[in-house]
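One letter stands for each residue in the lines below.
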Amino acid sequence: MLQSIDEIPAMTGDGVNDAPALQQASIGVAMGISGTDVAKEASDMILVDDNFSTIVDAVEEGRCIYANMQAFINFLITCNIGEVIGVFLATILGFPQLLTPLHLLWVNLVTDGPPATALGFNPPGPGVMAQKPRPTSEEILTPSLLLRYSTAGLYIGIATVGIYASYFVDQGINVQELSSWSSCSDAIACSVYTDLATPQTLALTTLVTTELLKALCTVSVDSSILTVPPQKNPWLILGVAVPFALNLGIIYNPALSNSFGLAPLTEVDWLHVMLWSSPIVLIDEALKYASRQAKLKE
């Protein structure tokens, strides 16, 4: 009867006569100590310690795993959208090559992988057991979540292109001239387009830094970074610190920087990187706040 009105009934039992109900229920729970083999075979879950409070722990763990899957998807989709938008925007605007294939490969293998893996170790969020059960038909990537990820990804792409373009503006080249760089005829003015090591380093470093800051904000999908700070997940701190250190290595190690076509950054360059990267934290906090308010109205 409960299943006919889209409820999810659970049944507990330990005897042979409980087997039909255990099998028919949405979730059949058998006793591990006192339960018969028939009941265990018919059930979906076995309580090894015969303690009903274990069911609550299992529900909490399940919700935590689901939230961590969402955090994993959140981070990777946001970062990939940002990378695609950055390259696409630079191409549409007619800018010189924003990032080389080697740079993009580096970002995907080194910068995206460790933080995404570490997000799987996020602790349960506050009030996880106070949340309403999700409908069985609800997708893990809802339209509202996709909108959030796309918004954050849009900024990552804009920041990457923005700092790249700002380098040329600082050299006295406006955006219109930058867009028509291929038709430049002045040998002296065109010399700035022949060596792209510094602007590409700025773009790559901004992309990496913004993505790593985004990872630190993703300890919880909805809770503020002030409520659930990154240090709640030590693995995430490690997963962010190592890629950042490796990125410093390919910038300041002469052999590696030559291989990647990069150039060392100055203190002023790092200030620009942080000015373009740090707004992702505020954007993510604003999106989380909007999501929490929307859930309160439901």
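Residues numbered from 1 in each chain as written. Predicted model: local features only at pLDDT ≥ 70, side-chain atom pairs only at ≥ 80, totals over all residues. Heavy atoms only, no water.

1. Here's the deal with the pattern of salt bridges
Next, step 1: All told, the structure shown has three salt bridges when counted by the stated rule.
Next, step 2: The closest approach of N and O atoms between Asp222 and Arg148, which form a salt bridge, is 2.9 Å. Placement of Asp222 in the loop between helix 9 (197-216) and helix 10 (234-252) and of Arg148 in helix 6 (residues 143-170) is noted, with a sequence separation of 74 residues between them.
Next, step 3: The class for Asp222 is buried, based on a relative accessible area of 16%.
Next, step 4: In the salt-bridge network here, residues are joined through shared partners; they are Lys214, Asp284 and Lys288. (Salt bridge = Lys/Arg side-chain N within 4 Å of Asp/Glu carboxyl O. Helix = DSSP H or I, 4+ residues; strand = E, 2+ residues; numbered from the N terminus. Buried < 20%, exposed > 50% of the residue type's maximum accessible area, 1.4 Å probe, protein only.)

2. Here we look at the environment of Tyr167
Next, step 1: Along the chain, the position of Tyr167 falls in helix 6.
Next, step 2: Look past the residues within four positions of Tyr167 in its chain and what remains in contact with it is Thr198, Pro199 and Leu202. (Contact = heavy atoms within 4.5 Å.)

3. Some remarks on the side chain of Ser291
Next, step 1: With respect to the helices and strands, Ser291 occurs in helix 13 (residues 279-297).
Next, step 2: Apart from the residues within four sequence positions on either side, Ser291 is in contact with Arg148 and Asp222.

4. With respect to the confidence of the model for the protein chain
Next, step 1: Taken as a whole, the protein chain shows an average pLDDT of 88; of its residues, 94% reach a score of 70 or greater.
Next, step 2: The spread of mean pLDDT over the elements of the protein chain runs between helix 8 (residues 187-190), the lowest at 62, and helix 12 (residues 267-277), the highest at 96. (pLDDT = per-residue confidence, 0-100.)

5. Considering the packing of aromatic side chains
Next, step 1: Enumeration according to the criterion identifies five aromatic pairs in this entry.
Next, step 2: Considering the side-chain rings of Tyr167 and Phe168, the 5.3 Å spacing of their centres and the 85 degrees angle between planes classify their relative orientation as edge-to-face.
Next, step 3: For Tyr167, a relative accessible area of 17% gives the class buried.
Next, step 4: On the basis of relative accessible area, Phe168 is assigned to the buried category, the value being 0%.
Next, step 5: An aromatic cluster of three or more residues is present, and its members are Tyr164, Tyr167 and Phe168. (Phe/Tyr/Trp six-rings, centres within 6.5 Å; stacked < 30°, edge-to-face > 60°.)

6. Here we look at the nonpolar core
Next, step 1: Phe168 and Leu236 are the most contacted members of the largest nonpolar core, which has 49 residues in total.
Next, step 2: Secondary structure elements with two or more residues in this core: helix 3 (53-92), helix 4 (101-111), helix 5 (113-118), helix 6, helix 9, helix 10, helix 12 and helix 13.
Next, step 3: In this view, Leu236 contacts Pro115, Ala118, Leu119, Ala215, Leu216 and Val219; residues no more than four positions away in its chain are not counted.
Next, step 4: Core analysis: the second largest hydrophobic core is formed by five residues, Ala19, Leu22, Ala39 and Ala42 among them. (Core = buried A, V, L, I, M, F, W, Y, C linked by side-chain atoms within 4.5 Å.)

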